[in-house]
Amino acid sequence: MSDLITGDDGTVGSDVVAGDGFIALEGVEKVFEVRRKTGFLRRERREVRAVDALSFTVGRGEMVGYIGPNGAGKSTTIKMLTGILTPSAGRLRVAGIDPARERSRLAHRIGVVFGQRTTLWWDLPLIDSYRLAHRMYRIPDARYRENLDRLVELLDLGALLDVPVRQLSLGQRMRGDIAAALLHDPDVLYLDEPTIGLDVVSKARVREFLREVNAERGTTVLLTTHDLQDIEQLCSRVMVIDHGRLVYDGPLAGLHEAGESERTLVVDLERELPPVQVPSARVVRVEGPRQWLAFPAGQSAAPVVAHLAARYPLVDLSVREPDIEAVIARMYAEKAVS
Ligand SMILES: Nc1ncnc2c1ncn2[C@@H]1O[C@H](COP(=O)(O)OP(=O)(O)O)[C@@H](O)[C@H]1O
Ligand SMILES: [Mg+2]
């Protein structure tokens, strides 16, 4: 078996250092079968490959951003990492535990916040959800008290404990959810869009809190967000997923570079010619009368095109963006809309 995966027997202790596969996925796939009604008694079956050949590891204590466009497979990944969904293929371990097979054992080790859906009891005062967690996770009384006091203070929940959850604002509710996810001292925290819909002040508060939890308790954090500022302020490492596949894994700075590096101009000439000569662009590939030119992404294509048009017999041309750039561009576009 792969050395990516941490002890099958669940023996993950304090000896595990960052860099080890505290969270480890290997060739993970998730295929949904969707049935669509296409007529009277007629149904069409279609497969949606939400996650495809996904492999990565996250070390203990890391705080990693997990980003990508809508429908990329982020939430599906998180659901597999909590055991809510079973992968269609591949191997997956969190703290040495197979999530789908030992979901309740894993529940004691992880905390989850889904920004779109609260785990709190809607009609009950906030404190009741915490009391229930106290019993459900069998948190020792002293530990529960201590954690509750700390979370209430850090997340400023004091005045809200007796308020029914449905009366809380979105920002208050999110803070309430985050506290609920951390009451049992989980080693891993998954956050799926924790700042969605929050105002600037609430966002800042949530970010500051997450930074503290990660720094002080060494909690491993996997953060899914549409808000690139979340990532900029919290995560030194970022993973980008697109169409269920990991397309980037590295430092945020590298992502900016990858997103800005080069664009490609595809040029169709009337006939086969030696590589064309254009200032500030270079031919990277030639196939018959077609040539590929790379030029800096920050630069307009217009002068390159003008230069070519004046000197070469052009039939057609098009600009191609690198995949990663397309991903980021789409994300920025979505960000601008929301
Ligand atoms: N329960 C489901 N049944 C069918 N398709 C699903 C289900 N959940 C997610 N999908 C599909 O899987 C893809 C990935 O979805 P999701 O993981 O929610 O993306 P993200 O969180 O990145 O926006 C999408 O095409 C979505 O429509
Ligand atoms: Mg999602």
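Up top is the structure these notes are about.
Our subject in this report is the structure included herewith. As a convention, each chain's residues are numbered from 1 in the sequence order in which they are written. Chains and ligands are labelled sequentially in the order written, the chains with letters from A and the ligands with numbers from 1. Owing to the predicted nature of the model, reporting of local features is limited to residues with pLDDT of at least 70; listing and counting of side-chain atom pairs is limited to 80 or more, with chain, interface and lining totals taken over all residues. To get the side-chain values, all heavy atoms of the structure are used, and hydrogens and water are removed first.

### Comments concerning the sheet that holds strand β10 (residues 262-269)
- Ordered in space as β11-β12-β10-β13, the 4 strands form an open sheet in which the pairing is antiparallel. The open sheet has two edge strands, β11 (282-287) and β13 (314-320), and neither has a second partner. If you compare each strand with its neighbour and ignore which way they point, the axes differ by 20° on average.
- One bridge is not enough; two strands pair if DSSP finds at least two bridges between them. For the purposes of this entry, the term helix denotes a DSSP run of H or I that reaches at least four residues, the term strand denotes a run of E that reaches at least two, and both are numbered from the N terminus. By the bridge criterion, 7 bridges tie β10 to strand β12 (residues 290-296) in an arrangement that is antiparallel. For T264, the partnering residue across the bridge sits in β12 and is A294.
- Contacts from helix α9 (residues 302-311) reach β10, β12 and β13 within the one sheet, and its direction differs from that of β10 by about 20°. Every angle, taken between N-to-C directions, lies between 0 and 180 degrees, and every axis is a line fitted to C-alpha atoms, over only the stretch in contact when it is a helix. Any two residues whose heavy atoms approach within 4.5 Å are treated as being in contact.

### Focus on the packing of helix α4 (residues 141-154) against helix α6 (residues 200-217)
- Running from amino to carboxyl end, α4 crosses α6 at an angle of 140°, the nearest separation of the two axes being 11 Å. Looking at the two axes, α4 sits oblique to α6. Taken as a pair, α4 and α6 cross one another with a handedness that is right-handed. Residue-level contacts link R143, N147, R150, L151 and L154 of α4 to F209, E212 and R217 of α6.
- When the residues that make up the contact of α4 with α6 are grouped by side-chain class, the tally is 3 nonpolar, 1 polar and 4 charged. Roughly parallel covers angles under 35 degrees, roughly antiparallel covers those over 145, roughly perpendicular covers 65 to 115, and oblique covers all other angles. In a left-handed crossing the near helix is turned counterclockwise from the far helix by less than a right angle, and in a right-handed crossing that turn is clockwise. Amino acids are sorted into nonpolar (Ala, Val, Leu, Ile, Met, Phe, Trp, Tyr, Cys and Pro), charged (Asp, Glu, Lys and Arg) and polar (every other residue, Gly among them).

### Quick notes on the site of ligand 1
- Note on terminology: near, applied to a residue and a molecule or strand, indicates that one of the residue's heavy atoms is within 4 Å of it. Close to ligand 1 lie F32, V34, V48, A50, P69, N70, G71, A72, G73, K74, S75 and T76, which account for all nearby residues.
- Here a polar contact is taken to be a pair of N or O atoms separated by no more than 3.5 Å, where protein atoms must pair a possible hydrogen donor with a possible acceptor and residues adjacent in sequence count only if both atoms sit in side chains. G71 places a main-chain nitrogen or oxygen 2.7 Å from an oxygen atom of ligand 1.
- In this structure, an oxygen atom belonging to ligand 1 sits 2.5 Å away from a side-chain N or O atom of T76.
- Surface accessibility follows the Shrake-Rupley procedure with a 1.4 Å probe radius. Residue values consider only the protein chains on display as shielding. For ligand 1, the protein covers 62% of the area, taking 560 Å² as the surface of the free molecule.
- Mapped by element, the contributors of at least two residues to the shell around ligand 1 are β1 (23-39), β2 (42-58) and α1 (74-82).
- Residue contributions to the shell around ligand 1 peak at 3 residues, all from α1.
- For the shell around ligand 1, the residue count by class is 6 nonpolar, 5 polar and 1 charged.

### Re the pattern of salt bridges
- We define a salt bridge as a side-chain nitrogen of Lys or Arg found within 4 Å of a carboxyl oxygen belonging to Asp or Glu. Within this structure, the stated rule accounts for 25 salt bridges.
- Across the salt bridge formed by E102 and R105, the nearest N and O atoms sit 2.8 Å from each other.
- Relative accessible area serves as the criterion here: at 31%, E102 is assigned to the partly exposed category.
- On the accessibility criterion, R105 (36% relative accessible area) is partly exposed.
- Note that R290 and D268 form a salt bridge whose closest N and O atoms lie 2.7 Å from each other. With R290 in strand β12 and D268 in strand β10, the pair connects residues that are 22 residues apart, well separated along the chain.
- One salt-bridge network, held together by shared partners, links E29, R49, D52 and R245. Burial classification: accessible surface area is computed with a 1.4 Å probe over protein chains only, and a residue below 20% of its type maximum counts as buried, one above 50% as exposed, and the rest as partly exposed.

### Some details on the sheet that holds β1
- With respect to topology, 3 strands assemble into an open sheet ordered β2-β1-β4, the strand pairing being antiparallel. The open sheet has two edge strands with one neighbour each: β2 and β4 (89-94). The average undirected angle you get between the axes of adjacent strands in this sheet is 35°.
- Here β1 pairs with β4 via 5 bridges, running antiparallel.

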